[in-house]
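Examining the three-dimensional arrangement
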Amino acid sequence: VQLQASGGGLVQAGGSLRLSCAPSGRTFSNYVMVWFRQAPGKDSEFVAGISRSGGRTSYADSVKGRFTISRDNAKNTVFLQMNSLKPEDTAVYYCAADPYSDYASPVSGGYDYWGQGTQVTVSS
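Throughout what follows, the structure given in this document is the object of discussion. (Residues numbered from 1 in each chain as written. Predicted model: local features only at pLDDT ≥ 70, side-chain atom pairs only at ≥ 80, totals over all residues. Heavy atoms only, no water.)

**Focus on the pattern of salt bridges**
Here is the rule we go by: When a carboxyl oxygen of Asp or Glu lies within 4 Å of a side-chain nitrogen of Lys or Arg, that pair is called a salt bridge. The classification of residues rests on relative accessible area computed with a 1.4 Å probe and restricted to protein chains. Under 20% of the type maximum is buried, over 50% is exposed, and intermediate values are partly exposed.
Going through the model one piece at a time under the given rule, you end up with 5 salt bridges. Two residues, D61 and K64, come together in a salt bridge whose shortest N-O distance is 3.1 Å. With relative accessibility at 67%, the residue D61 sits in the exposed group. On the accessibility criterion, K64 (49% relative accessible area) is partly exposed. The residue R66 makes a salt bridge to D89 at a minimum N-O spacing of 2.7 Å.

**Concerning the side chain of S51**
So the rule is basically this: Elements are defined by DSSP. Helices are runs of H or I of four residues or more, strands are runs of E of two residues or more, and each kind is numbered from the N terminus. Here, residues are in contact when the closest pair of their heavy atoms is within 4.5 Å.
Turning to its location among the elements, S51 is positioned in the loop between β5 (45–50) and β6 (57–59). Residue classification places S51 among the buried positions, given a relative accessible area of 3%. Look past the residues within four positions of S51 in its chain and what remains in contact with it is V32, R56, R71 and D102.

**A closer look at the nonpolar core**
Definition in use: Throughout this description, the term nonpolar core refers to a set of buried Ala, Val, Leu, Ile, Met, Phe, Trp, Tyr and Cys residues connected via side-chain atoms within 4.5 Å.
Membership of the largest hydrophobic core comes to 29 residues, with the highest contact counts inside it found for M33, W35, L80, M82 and Y93. If you list the elements that add at least two residues to this core, you get β1 (2–6), β3 (17–24), β4 (32–38), β5, β7 (67–72), β8 (77–82), β9 (91–98) and β11 (118–123). It is β9 that contributes the most residues to this core, 4 residues altogether. Among the nonpolar cores identified, the runner-up in size contains 7 residues, and V32, F36, A96 and A104 belong to it.

**Notes on the packing of aromatic side chains**
Here the distance between the centres and the angle between the planes together describe a pair of aromatic rings. Going by this rule: To pair, rings of Phe, Tyr and Trp, with the six-membered ring standing in for Trp, must have centres within 6.5 Å; the planes then decide the type, stacked if under 30 degrees apart, edge-to-face if over 60, and tilted in the middle.
The tally for this structure, following the rule as stated, stands at 4 aromatic pairs. Here F36 and W114 contribute two aromatic rings whose centre-to-centre distance is 5.3 Å and whose plane-to-plane angle is 55°, an arrangement assigned as tilted. One end of the pair, F36, is in strand β4; the other, W114, is in strand β10 (residues 113–114), and 78 residues separate them in sequence. The partly exposed category is assigned to W114, whose relative accessible area is 31%. Residues Y111 and W114 carry aromatic rings whose centres are separated by 6.2 Å and whose planes lie at 80° to one another, so their mutual orientation is edge-to-face. Taken together, F36, F46, Y111 and W114 form an aromatic cluster joined through their ring pairs.

Structure representation (structure tokens):
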């Protein structure tokens, strides 16, 4: 499974960005999809996750109410809509997939398939 993440960029605080991640290969609807991020000098942090059907979502407390994860199984794409961005959201954002469970684990070690990362920079 190969994951292609896109949509990062430079935005001012308070702005918005939408990240996309499109897995290739097997049936997308069989994967739990998640987003992690890693800021310079910091550990990887779970951001959001979505179940196979899209019926269950989960978020880190730091992004709850500002970020929305969604998926379009017909288009084989998962999205992360990021609103009210803050400088502390600056990080490389990675999507990851799990074909073995319908639970979006917040532990990065639980995922075998990762995208290449997309940089998000929020200026103050």
